[in-house]
Amino acid sequence: MKQTLKPKSWAEPYKIKMVEPVFMTTKADRQRYIAEAGYNTFLLRSRDVYIDLLTDSGTSAMSDRQWAALMLGDEAYAGSENFYHLEDAVRRYYGYKYIVPTHQGRGAENILSQILISPGQYIPGNMYFTTTRLHQELAGGQFVDIIVDEAHDPDNLFPFKGNCDLEKLQTLIAKVGAENIPYVSIATTVNMAGGQPISLENLRAVRELTNKHGIKIVHDMTRVAENAFMIQQLEEGQGTKSVARIVREICDLTDAATMSSKKDALVNIGGFMAMNDEQVYDQARNLVVVYEGLHTYGGMAGRDMEALSVGIAESVEDTHIRARVGQVHYLGNKLLEAGIPLIRPLGTHGIFLNATKFLPHLSQDEFPAQTLAAELYIDSGVRAMERGIVSAGRDKKTGKRNYPKLESVRLTLPRRVYTQAHMDIVAESVINVYERRAGIKGLEMIYEPEFLPFFQARFAPRA
Ligand SMILES: *Cc1c(COP(=O)(O)O)cnc(C)c1O
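Because the structure is a prediction, the values reported are computed rather than measured.

This part takes up the site of the ligand. Residues in contact with the ligand amount to 14 residues; listed here are only the nearest, Gly-105, Arg-106, Asp-220, Ser-260 and Lys-263. Note that an oxygen atom of the ligand is positioned 2.8 Å from one of the backbone N or O atoms of Gly-105. Separating an oxygen atom of the ligand from a side-chain N or O atom of Ser-260 is a distance of 2.6 Å. Taken by itself the ligand offers 380 Å² of open surface, and the protein chains cover 96% of this. Contributions of two or more residues to the shell around the ligand are made by helix H4 (105-116) and helix H5 (130-138). Among the elements that take part in the shell around the ligand, H4 stands out by supplying 3 residues, more than any other.

Attention now moves to unusual backbone geometry. Residue Thr-188 is joined to Thr-189 through a cis peptide bond whose omega torsion reads -20°. Secondary-structure assignment places Thr-189 in the loop between strand E5 (183-187) and helix H7 (200-213). The omega torsion of the bond from Arg-344 to Pro-345 falls at -5°, within 30 degrees of zero and hence cis. Its identity as a non-glycine residue notwithstanding, Leu-266 has a phi of 65°, on the positive side. Secondary-structure assignment places Leu-266 in the loop between strand E7 (256-260) and strand E8 (271-275).

Further remarks concern helix H9 (residues 243-252). Buried residues of H9: Val-243, Ile-246, Val-247, Glu-249, Ile-250 and Cys-251, and no others. Buried residues along H9 sit in contact with helix H3 (81-94), H7, strand E6 (216-220), helix H8 (224-234) and helix H12 (318-337).

All right, on to empty space enclosed by the protein then. Counting across every chain of the model gives 4 cavities of 30 Å³ or more. In this structure, the largest cavity spans a volume of roughly 80 Å³. Lining the largest cavity are Glu-109, Leu-112, Ser-113, Thr-132, Gln-136, Tyr-183, Ser-185, Val-218, His-219, Asp-220 and Thr-258. Of the residues in the lining of the largest cavity, the class split is 3 nonpolar, 6 polar and 2 charged. In this structure, the second largest cavity spans a volume of roughly 70 Å³. Every residue lining the second largest cavity is listed: Glu-12, Tyr-14, His-320, Ala-323, Arg-324, Gln-327, Arg-415 and Arg-416. Here the lining of the second largest cavity is built from residues that sort into 2 nonpolar, 2 polar and 4 charged.

With respect to topology, 3 strands assemble into an open sheet ordered E9-E12-E11, the strand pairing being antiparallel. Because the sheet does not close on itself, it has two edges, and the strands there are strand E9 (350-354) and strand E11 (385-387). Sheet twist, expressed as the mean angle between neighbouring strand axes with direction ignored, is 35°. Inspection of the sheet shows E9 paired to strand E12 (residues 408-412) by 5 bridges, in the antiparallel sense. Across the sheet, the residue bridging to Phe-352 is Arg-410, located in E12. Helix-sheet contacts for H12 involve E9 and E12, and the interaxial angle to E9 is about 25°.

Okay, the environment of Ser-260 next. Its location among the elements puts Ser-260 in strand E7. For Ser-260, a relative accessible area of 7% puts it in the buried group. Spatially, the C-alpha atoms of Ser-260 and Gly-347 are 18 Å apart, while their sequence positions differ by 87 residues. In this structure, Ser-260 is in contact with Gly-105, Thr-222 and Gly-270, ignoring residues within four places of it in sequence.

Scanning the model with the defined rule gives 28 salt bridges in all. Here Arg-204 ties to Glu-249 by a salt bridge, and the two come within 3.3 Å at their closest N and O atoms. Separated by 45 residues along the polypeptide, Arg-204 in helix H7 and Glu-249 in helix H9 bring together distant segments of the chain. By relative accessible area, Glu-249 is classed as buried at 16%. A salt bridge links Arg-436 to Glu-375, with the nearest nitrogen and oxygen atoms 3.1 Å apart.

For the pair H8 and H12, interaxial distance at closest approach is 10 Å and the crossing angle is 85°. One way to sum up the angle between H8 and H12 is to call them roughly perpendicular. Facing Ala-225, Glu-226, Phe-229, Met-230 and Gln-232 of H8, the residues of H12 in contact are Asp-318, Ile-321, Arg-322, Arg-324, Val-325 and His-329. Grouping the constituent residues of the contact of H8 with H12 by class yields 5 nonpolar, 2 polar and 4 charged.

The subject of this paragraph is the side chain of Arg-383. Structurally, Arg-383 can be placed in strand E10 (residues 382-383). Under the relative-accessibility criterion, Arg-383 is labelled buried at 6%. Polar contacts involving the side chain of Arg-383 include one to the main-chain carbonyl oxygen of Thr-41, which spans 2.9 Å. Residues contacting Arg-383, with those up to four places away along its chain left out, are Thr-41, Leu-44, Ser-46, Val-49, Ile-51, Asp-52, Leu-53 and Leu-54.

The next subject is the packing of H8 against H9. The N-to-C vectors of H8 and H9 enclose an angle of 110°; their axes lie 8 Å apart at closest approach. With respect to their mutual orientation, H8 and H9 come out roughly perpendicular. For the pair H8 and H9, the sense of crossing is right-handed. Residues Val-224, Ala-225, Asn-227, Ala-228, Phe-229, Ile-231 and Gln-232 of H8 form the contact with H9, whose own contacting residues are Val-243, Ile-246, Val-247 and Ile-250. Per-class residue counts for the contact of H8 with H9 are 9 nonpolar, 2 polar and no charged.

What counts, and where the lines are drawn
Residues numbered from 1 in each chain as written. Predicted model: local features only at pLDDT ≥ 70, side-chain atom pairs only at ≥ 80, totals over all residues. Heavy atoms only, no water. Near = heavy atom within 4 Å. Polar contact = N/O pair within 3.5 Å; in protein donor to acceptor, adjacent residues only side chain to side chain. Areas by Shrake-Rupley, 256 points an atom, 1.4 Å probe, with all protein chains shown as cover. Helix = DSSP H or I, 4+ residues; strand = E, 2+ residues; numbered from the N terminus. Buried < 20%, exposed > 50% of the residue type's maximum accessible area, 1.4 Å probe, protein only. Contact = heavy atoms within 4.5 Å. 1 Å grid on protein atoms, 1.4 Å probe; cavity = no way out; pocket = protein on both sides within 12 Å on 5 of 7 lines; lining within 4 Å. Points joined across faces, edges and corners; volume = space filled by probe spheres on them. Nonpolar A, V, L, I, M, F, W, Y, C, P; charged D, E, K, R; others polar. Pairing = 2+ DSSP bridges. Axes fitted to C-alpha atoms, helices over the stretch in contact; angles between N-to-C directions. Salt bridge = Lys/Arg side-chain N within 4 Å of Asp/Glu carboxyl O. Parallel < 35°, antiparallel > 145°, perpendicular 65-115°, else oblique. Left-handed = near helix turned anticlockwise from the far one by under 90°.

This is how it looks when you write it as structure tokens:
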């Protein structure tokens, strides 16, 4: 079934000024390259990829205004003019009082986790994200999933699968005590659930409950503009608001934030943490010197902070975000029409193939999502990413593999990079692989690194 948002046309509000040629490969080439990469798409060389849908992280095309902003870099070690522009942009568009730049999102996660979490505490969240959870654990905390059950069902059409289950949160508070919950971790949108949004109504309810217990909300605002667009499109009473205004309302309901500006904010590198509490700011400013750099650059070049300020403003424009999500849904609807099993409803930053249904003859121990990503690359040179048992890693205490309910392959769309014709190629290739799915064999893992195994694990075809 096709899924339509309100705007009929999602045509891009820009034209192309510069192009980047890509290399073309043959199927025989790709069979060799993927074997050399241990059947892990993260280990392919990008020159061997035709359409790169590995991630939307740091892969966006910057606008001419952002490229011009690079020329305004004030590369001072301390007090760069660009820092103050960034601070202005964060205050204006997101509303947080204080900002500390970091080299990317995980730099902010590391520092904020260390400041806010004491060993033995619990951090409830609307589903885990790999680096976010890891930093919570490294700080001695334990992540607790409080996302609504619908999020774990890839066929449930509930529009706000990023919502928190308030009963789960209430139960946790009753069980461990509010004093053992430093904050609730809220992601907009929820990456691991398929790019699913949280509603304003649900976030307000989380705010009310946490206020009652003196618990903070830390906002993983990596894709906040995309989440705001989905609220505008789907939430009752929100349709007449601008995306920029909804973004502000979301941020205003939270106490602090970590941002990977490599996603929504349209730059290739960078991040920050932001907060309203002066004491937390003081500590963050102090710790950032240890891990990232002085608090007025935090690992970023002045020019990159300038491009980020421009990117933040562009990212909340209605015409931009409509084209961005519109392209994702164009691809998704093509696949749905061909009967391809996808995680639904369609999310905002990519299409998630349901690998469990795509390759039903493979058990989870045969890495169906990893296998499917490799097959897709061999078929057409399209690079996707595993989001399943490899990404889920192992339980910290028992050392046993986590078995996530969702085994998926993510086709993530870089912002402003590919055309509608590219999307057609991607759809054709997925359909090709689907038609010969019965003959596809699984993989075995032959090398597993200790941390975040999906990045560097190596595989071999099963005999
Ligand atoms: C990418 C991402 C992060 C981490 O940010 P990096 O810039 O890659 O370090 C955190 N949370 C979410 C939801 C993300 O997508």
